[in-house]
Amino acid sequence: MDSMKKGWFSEFGQLWPGQTFSLECEEVLFEGKSEYQHVLAFKSKTYGNVLVLDGVIQATEKDEFAYQEMFAHLALCSHPDPKKVLVIGGGDGGVLREINKHSGVEKVVICEIDQMVIDTSKKFLPEMAKGFDDPRVELYLGDGCKYLESKKQEYDVIIVDSSDPVDGGPAESLFEQPFYQHLKDALRPNGLVVTQAECQWIHLGIIGNLVKFSKKLFPHVEYAYTTIPSYPCGQIGFLLASLGDSCKVPKRKIDETQTK
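Residues numbered from 1 in each chain as written. Predicted model: local features only at pLDDT ≥ 70, side-chain atom pairs only at ≥ 80, totals over all residues. Heavy atoms only, no water.

K.L.:
Mind showing me how you'd approach the overall build of the protein here?
P.N.:
Along the backbone of the protein there are seven helices and 13 strands. Taking 18 Å as the expected radius of gyration for a compact globule of 260 residues, we find that the protein reaches 17 Å, a close match to that expectation. C-alpha atoms of the protein, sized along the principal axes, occupy 55 × 40 × 30 Å. In the protein, buried positions account for 55% of the 260 residues. Considering only contacts within the protein whose residues lie at least 6 apart along the sequence, 66% involve residues at least 24 apart. A total of about 11,600 Å² of accessible surface is found on the protein, and carbon and sulfur atoms cover 51% of it. In the protein, the 28 positive side-chain charges and the 38 negative ones have mean positions that sit 4 Å from each other. (Helix = DSSP H or I, 4+ residues; strand = E, 2+ residues; numbered from the N terminus. Rg over C-alpha atoms; globule rule 2.2 N^0.38 Å. Buried < 20%, exposed > 50% of the residue type's maximum accessible area, 1.4 Å probe, protein only. Contact = heavy atoms within 4.5 Å. Areas by Shrake-Rupley, 256 points an atom, 1.4 Å probe, with all protein chains shown as cover. Lys, Arg positive; Asp, Glu negative; His and termini not counted. Charge placed at Lys NZ, Arg CZ, Asp CG, Glu CD.)

K.L.:
Help me out: how do you make sense of the packing of aromatic side chains in this one?
P.N.:
Describing an aromatic ring pair means giving the distance of the ring centres and the angle of the ring planes. Under the criterion given, the structure shown has nine aromatic pairs. An angle of 35 degrees between the planes, with centres 5.3 Å apart, marks the rings of Phe 9 and Phe 42 as tilted. Note that Phe 9 is positioned in strand 2 (residues 8–11) and Phe 42 in strand 4 (residues 38–44), a separation of 33 residues in sequence. Using a relative accessible area of 0% as the deciding quantity, one classes Phe 9 as buried. (Phe/Tyr/Trp six-rings, centres within 6.5 Å; stacked < 30°, edge-to-face > 60°.)

K.L.:
What is the right way to look at the sheet that holds strand 1 (residues 4–5) in this model?
P.N.:
What the six strands build is an open sheet, ordered 1-2-3-4-5-6; its pairing is antiparallel. Sheet topology places strand 1 and strand 6 (56–60) at the edges, where each strand pairs with a single neighbour. Pairing between strand 3 (residues 21–33) and strand 4: seven bridges, direction antiparallel. Its bridge partner being in strand 4, Glu 31 is matched across the sheet by Leu 40. (Pairing = 2+ DSSP bridges.)

K.L.:
Could you clarify how one ought to interpret the sheet that holds strand 9 (residues 137–141) in this entry?
P.N.:
Through backbone hydrogen bonds, the strands of a sheet pair up, either in parallel or in antiparallel fashion. Strand order across the open sheet formed by seven strands is 9-8-7-10-11-13-12, with mixed pairing between neighbours. A strand with exactly one partner marks an edge of an open sheet, and here the two such strands are strand 9 and strand 12 (220–227). Neighbour to neighbour, the strand axes of the sheet diverge by 15 degrees on average, direction disregarded. Helix 1 (residues 64–76) rests against strand 7 (84–89), strand 10 (155–161), strand 11 (187–196), strand 12 and strand 13 (235–242) of the sheet, and its axis sits at about 155 degrees to strand 10. (Axes fitted to C-alpha atoms, helices over the stretch in contact; angles between N-to-C directions.)

K.L.:
Looking at this structure, I do not really get the environment of Trp 16. What am I missing?
P.N.:
You can see Trp 16 is positioned in the loop between strand 2 and strand 3. In this view, Trp 16 contacts Glu 11, Val 56, Asp 164, Ile 202, His 203 and Pro 232; residues no more than four positions away in its chain are not counted. Polar side-chain contacts of Trp 16 include one of 3.5 Å to the backbone oxygen of Glu 11. (Polar contact = N/O pair within 3.5 Å; in protein donor to acceptor, adjacent residues only side chain to side chain.)

K.L.:
Teacher, can you tell me more about empty space enclosed by the protein here?
P.N.:
Using a probe with the size of a water molecule, rolled over the atoms, empty space left in the structure can be pinpointed. Enumeration according to the criterion identifies two cavities of 30 Å³ or more in this entry. The wall of the largest cavity is formed by 38 residues, among which Gln 58, Asp 161, Ser 162, Ser 163 and Asp 164 lie closest to the centre. Elements with a minimum of two residues in the lining of the largest cavity: strand 5 (49–53), strand 6, strand 7, strand 8 (107–112), helix 5 (144–149) and strand 13. With three residues, the top contributor of residues to the lining of the largest cavity is strand 6. Residues that form the lining of the largest cavity fall into these classes: 18 nonpolar, 13 polar and seven charged. A volume near 30 Å³ is recorded for the second largest cavity. Lining the second largest cavity are Val 160, Ser 162, Leu 174, Phe 175, Tyr 180, Thr 195 and Gln 196. Looking at side-chain class alone, the lining of the second largest cavity contains four nonpolar, three polar and no charged residues. (1 Å grid on protein atoms, 1.4 Å probe; cavity = no way out; pocket = protein on both sides within 12 Å on 5 of 7 lines; lining within 4 Å. Points joined across faces, edges and corners; volume = space filled by probe spheres on them. Nonpolar A, V, L, I, M, F, W, Y, C, P; charged D, E, K, R; others polar.)

K.L.:
Looking at this model, I keep getting lost on the pattern of salt bridges. Mind explaining?
P.N.:
A side chain with one charge may pair with a side chain of the opposite charge, provided their charged atoms come close. According to the stated counting rule, one finds twelve salt bridges in the structure shown. Across the salt bridge formed by Arg 97 and Glu 98, the nearest N and O atoms sit 2.8 Å from each other. Comparing Arg 97 with Glu 98 shows no difference in burial state: the two are buried. Between Asp 134 and Arg 136 there is a salt bridge; the shortest N-O distance is 2.9 Å. Arg 136 carries the same exposure label as Asp 134, and that label is buried. Each of Glu 64, Arg 97, Glu 98 and Lys 101 takes part in one network of salt bridges that share partners. (Salt bridge = Lys/Arg side-chain N within 4 Å of Asp/Glu carboxyl O.)

Right, dumping it as C-alpha cells:
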C-alpha cells in the first residue's frame, strides 16, 4: 500500500502531478482488489471514515455532503418534474440518498460496475449507503456504457457520478463523446444530464473537451462547481447538458412538503 506510510495516507494521482493531499490514518478498515480497482477504507483522525479507489479519495464522512447535495439537487431542481432518474456510478450511495429526498421521483436506477464499492460503503459509510434502502431504487450491477446502449428516451435526469478518467481505469470511457451520445439517446424530451466534471484549477483540458463535444449534442451546456476540502485543490465541477432549457435558473423549489 504505497499511499500509506508512517500512519499517513497520501493521495498521488496522474491527474494532479506535483501535488498531494494527506490524512492521518488511525486504522485501516478494509483493503481489497476487485476485478476493476483497488478499494481501501480507513478511519482518519480528522475526516472520519474515508473511501479510496485506486489511491484516490472518493468520500469522507466529514465533507461528503458538499458533493452529494450539490450533485443531486442541482440535477433534480433543473428539471420541472423528474419522475425517472438514472445514476451511473455512485456506488457509495450518497447521491442516491439525496435523490430519495425528492418525493416526486418515482424510480431511481443505479448502474454500478463494482460490487466491492457497494459492500465497502454499506459497512463503513452507512450514512451514505442508506441511499440503497429506498424501495424506489433499483440496482443494475454492470458497465454503464453497455447499459445505456439499449436505452431510448427512458429517463428525465441522468447523473454520472464517476471516478476520474485515469488511463485504463473503469471511468475512462465515461469522459468520451460516444458515451455522451448514449446519454442523450436515453433522455426523454427536455431531459438533462449532470456529470462529474473534474477540477477547474488543474483539469481545464478535460473540462474543455467535455464542453466542446457536449455542445455538439445538447442545446444547453453549462458548468457548475462546489468546494470540498478532500478533493484535489478543494474543488470539483459538474457538467450540465440539457435537451430543454438552461439550467442556470431552478425549474422548481423544494420545501418540506416535497421532500422525504
